[in-house]
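Descriptive analysis of the structure
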Amino acid sequence: EKRNVYYAGSPLAYSFSEAGQIKSVYIVDVKPNENAVVKSISLKNGKKLQRKSFANVEDALVWLADNQDSLVELTMQTDRFLSAEDRKRLMKTHDGIIAIIPEITDMESNVEAKSNIDLSQNVEALFRQYFKYKKGQHIISDELMELFKEIQSGES
């Protein structure tokens, strides 16, 4: 005798790995001595999870403004540090941003930096090289350098 089994799962997307999936529920009508009638109903309410990637902040801002009814994992392709100002603009445009992920586009220079670190440099220069190596970003914001200097001065 054939029996159907359905896994209920979650009616809400809890992970960005589920981005783009259509969630549904099942209505099961069961009567004695009859086969169960199963009806799938797609859920249309709730915020969608979306993964989006942009090469520049302006394009991201336009898309974010037009897609307010979603939760977003935003990847910014960049060859430099994403400034605090750009981060604020992105967050202000859309209240459903869950994460902003920098994707470094110039990894070749990042690999070169690993083998070319001159340890005779001062601490600030070494920090700049470390940042470039670790984050793959050429430009460090003034805000980050000031924070580094503040932390460094507190250690002495």
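Before any of the text, the structure's been laid out above.
The paragraphs below set out a description of the structure included in this document. Here the structure is a predicted model, which means the values were calculated and not measured.

1. What to know about the overall build of the chain
Looking only at helices and strands, the chain has five helices and five strands in total. The helix and strand sequence of the chain, counted from the amino end, reads β-β-β-α-β-α-β-α-α-α. Taken over 156 residues, the chain has a buried fraction of 24%. Roughly 11,500 Å² of accessible area belongs to the chain as shown, and the carbon and sulfur atoms make up 51% of that amount.

2. Quick look at the sheet that holds strand β3 (residues 48-54)
The strand order across the open sheet built from three strands is β3-β4-β5, with neighbouring strands paired in parallel fashion. Each edge of the open sheet is held by one strand with a lone partner, namely β3 and β5 (97-104). Each strand of the sheet is rotated relative to its neighbour by a mean of 15 degrees, with strand direction disregarded. Here seven bridges tie β3 to strand β4 (residues 70-78), and the two strands are oriented parallel to one another. Looking at β4, one finds that S53 is bridged to T75. The strands touched by helix α1 (residues 57-66) within the sheet are β3, β4 and β5, with β4 carrying the most contacts at an inclination of about 170 degrees. Running over the sheet, helix α2 (residues 84-93) touches β4 and β5 and is turned about 145 degrees from β5.

Definitions and limits used
Residues numbered from 1 in each chain as written. Predicted model: local features only at pLDDT ≥ 70, side-chain atom pairs only at ≥ 80, totals over all residues. Heavy atoms only, no water. Helix = DSSP H or I, 4+ residues; strand = E, 2+ residues; numbered from the N terminus. Buried < 20%, exposed > 50% of the residue type's maximum accessible area, 1.4 Å probe, protein only. Areas by Shrake-Rupley, 256 points an atom, 1.4 Å probe, with all protein chains shown as cover. Pairing = 2+ DSSP bridges. Axes fitted to C-alpha atoms, helices over the stretch in contact; angles between N-to-C directions. Contact = heavy atoms within 4.5 Å.

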